[in-house]
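Coordinate analysis (summary)
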There are 2 protein chains.
Amino acid sequence: MHRAVRRFINIFKRRSEKDKRLITAIKTIVGSKPFNLELYRLAIKHSSVAKHNSQGLKESNERLEYLGDAVLGAAVADYLFKTFPFKEEGFLTEIRSRIVNRESLNNIGKRIGLNQVVEYDQKKKSKLSHKSLYGDTLEAIVGAVYLDKGYSYCKHFIIDKLIIPYLNIDEVIKSNPNYKSKIIEWSQKENKDVKFEIISVKNEKHHREFTAQVFVDNEPLGKGFGHSKKKAEQDAAQKSCELLDLD
Amino acid sequence: MHRAVRRFINIFKRRSEKDKRLITAIKTIVGSKPFNLELYRLAIKHSSVAKHNSQGLKESNERLEYLGDAVLGAAVADYLFKTFPFKEEGFLTEIRSRIVNRESLNNIGKRIGLNQVVEYDQKKKSKLSHKSLYGDTLEAIVGAVYLDKGYSYCKHFIIDKLIIPYLNIDEVIKSNPNYKSKIIEWSQKENKDVKFEIISVKNEKHHREFTAQVFVDNEPLGKGFGHSKKKAEQDAAQKSCELLDLD
C-alpha cells in the first residue's frame, strides 16, 4: 500500500478509536448514546487546545459551557422548587447557589470521571486542575445534552445522574450556615455596631489569601482567612459566633 | 333568599368574575388558556398583599419569580446561542444580561399590560412601581407558564411573545450607555462628591476579576464586577444608576 494511504487509514483508525471511547464515556455519564457526537467532541475541548475556525470563532467548549450553566440553573431551580414546597424564595436561592457553585461542580465533574475525557493543554495542567476545568467541562456537557436530547431529558440527567448521586441535599442545607447574617442579626438585637473589614491580602502563586476581621463597636472580634473576600468574611464571622457563643 | 346565602353567591360571583378576567388576560399574554389557574393567581400576587398559609409560607409570587428567573435565563441563553452561532461566550453572556436585567424586564412587563392584573398594596405603589413590580411579576408568570405548560411551550412564549416583539436585539447590542458619565453628570447637578474605586482584584482562570465601588459623599453605592477596571467601573456605575433611579 502507498505510504500516504496507510497513514490516512491510521489517522482514520485512531480517530474512530477516540470516538468510540468518547461514545462509551458519554453513554456511561449521560445514560444513553449521543445522537450528535459533534456536540460532545466540542464539550470536552478546553480552550487551551482549541483552534479558530474559518469564521474566527475559537472552537472550544466555552459556548456550550455558557448554555449548560443556564440550563443547570433552571433544572436545579425546578428541582428545589418541587422538593421544598414550603420554603421561601430566599432559601431556594441560597441552596441553589451552594449546589451550582464552582467548587461543587468541579467535584462532581471529577467524580463522574471527566478527567478521563477532557482535552486540554497538559502543560497548563497544574493551573487548570486547581480551578474549574472539570466543573466547566461538566457545564459544557450539560449544554451538549440539552441540545442533543432536549430539556426534559437533560433535566433528568442533571437531577438523577449528577445531583442526587453526588450531593446530599440535607448536608448542603446544614453545611455552611450563613454566619455573617447571624452576626448581623445578633448586632441588631444587641444594638451594637458591626463592621467586616479585609485587613490584608496576600498574593500566593495561584490565588490570593484574604484576611478578614470582624469589629464590634470598633473592637476586633473574630479573624478569618480565605481565597476570596467572601470566604474570609464568612470565616471571621464563624469565629466571632464561636467567641460570642452563638450557635 | 336568606341574606347569608345571597352574600355567599355574591362573593362567588365576584370571584368568578375576577377569575374570568384573569383567564382572558393570561390567554392574551401567554397565547393559550391556563390549565391550572391557581398558578397564575399566585403569579400575580405581590408579597405586599400575600398572607401566610398554614405551613407558615407567605403565599406570594416570590417562589414563582425565583423559578421564572432561572427558566428565562435558560431560554434566552438558548435563543442567543442559536441566533449567534459565531459569537463567543463573552458576547452571549453580555447580551443576555442586558436582556434579562431589571429595567428591561420591568419595561416588557408594563408593555404587555401586567399593570392591569398584578395585585399589590396600593399604598406602596409609588415605591414599588419605580422598581421592579412588573419585571418581578413577569418572571413569576414565566414560572407559572413553565409549570403549567412545560419548558418547550414556555421557551416559545418567552422568545416569541416577550423578547422578539419588545426588544430589538440589534439595538440591544449597539446600545452601551455610558453609566459612568451619567453618574458624574448627576453628581454635578446634585453637588455631590463621586469617587470610583477598585476595591478588589481576584485572579481567575484566564483573566482577572475586578470589583469596583462607587462612593457618593464617601458613602458606598453600587458595586460592580468585570474583567477590566473599566468594565467593573461601568458595572458599578450602572448599578448606582439603578439605585438612584436614573434612567
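Residues numbered from 1 in each chain as written. Chains lettered and ligands numbered in written order. Predicted model: local features only at pLDDT ≥ 70, side-chain atom pairs only at ≥ 80, totals over all residues. Heavy atoms only, no water.

On domain assignment, one finds that chain A holds domain 1 (3-174) and domain 2 (179-243). If you average the C-alpha positions of domain 1 of chain A and of domain 2 of chain A, the two centres end up 35 Å apart. (Domains from an automatic or database assignment.)

Attention shifts here to the layout of surface pockets. All names here are of chain B. Within this model, the second largest pocket holds a volume of roughly 930 Å³. Lining of the second largest pocket is provided by 35 residues; of these, Glu38, Arg41, Leu42, Lys45 and Glu59 occupy positions nearest its centre. Elements that contribute at least two residues to the lining of the second largest pocket include exactly helix H1 (3-30), helix H2 (37-43) and helix H3 (62-83). Classifying every residue of the lining of the second largest pocket by side-chain character gives 15 nonpolar, 5 polar and 15 charged. (1 Å grid on protein atoms, 1.4 Å probe; cavity = no way out; pocket = protein on both sides within 12 Å on 5 of 7 lines; lining within 4 Å. Points joined across faces, edges and corners; volume = space filled by probe spheres on them. Helix = DSSP H or I, 4+ residues; strand = E, 2+ residues; numbered from the N terminus. Nonpolar A, V, L, I, M, F, W, Y, C, P; charged D, E, K, R; others polar.)

This part covers the UniProt feature "active site" (unreviewed entry) in chain A. Under the UniProt annotation, "active site" (unreviewed entry) lies at Asp69(A) and Glu139(A). Spatial clustering of the annotated residues is evident: they stretch over 71 residues in sequence, but the largest pairwise C-alpha distance comes to 5.5 Å. Checked against the element boundaries, Asp69(A) lands in helix H3 (residues 62-83). Of the residues examined, Asp69(A) reaches a relative accessible area of 35% and is grouped as partly exposed. If sequence neighbours within four positions are ignored, Asp69(A) has contacts with Glu139(A) and Arg96(B). By secondary structure assignment, the location of Glu139(A) is in helix H7 (residues 133-166). Of the residues examined, Glu139(A) reaches a relative accessible area of 7% and is grouped as buried. The contacts of Glu139(A), once residues within four sequence positions are left out, are Leu64(A), Glu65(A), Gly68(A), Asp69(A), Leu72(A) and Leu105(A). (UniProt positions renumbered as here; feature names shortened; annotations may be inferred. Buried < 20%, exposed > 50% of the residue type's maximum accessible area, 1.4 Å probe, protein only. Contact = heavy atoms within 4.5 Å.)

It is worth spelling out the interface of chain B and chain A at this point. At the interface, 41 residues of chain B touch 44 residues of chain A. Buried area between chain B and chain A, summed over both chains or domains, comes out near 3600 Å², and the portion from carbon and sulfur atoms is 58%. If you look at where chain B meets chain A, you find 0 salt bridges. Applying the counting criterion to the chain B and chain A interface returns 12 residue pairs in polar contact (both at pLDDT 80 or more). Contributions of two or more residues to the side of chain B that touches chain A are made by H3, helix H4 (89-99), helix H7 (133-166) and strand E1 (194-203) of chain B. Here the side of chain B that touches chain A gets 16 residues from one element, more than from any other, and that element is H3(B). Split by residue class, the side of chain B that touches chain A holds 20 nonpolar, 7 polar and 14 charged. (Buried area = accessible area lost by both parts, 1.4 Å probe. Salt bridge = Lys/Arg side-chain N within 4 Å of Asp/Glu carboxyl O. Polar contact = N/O pair within 3.5 Å; in protein donor to acceptor, adjacent residues only side chain to side chain.)

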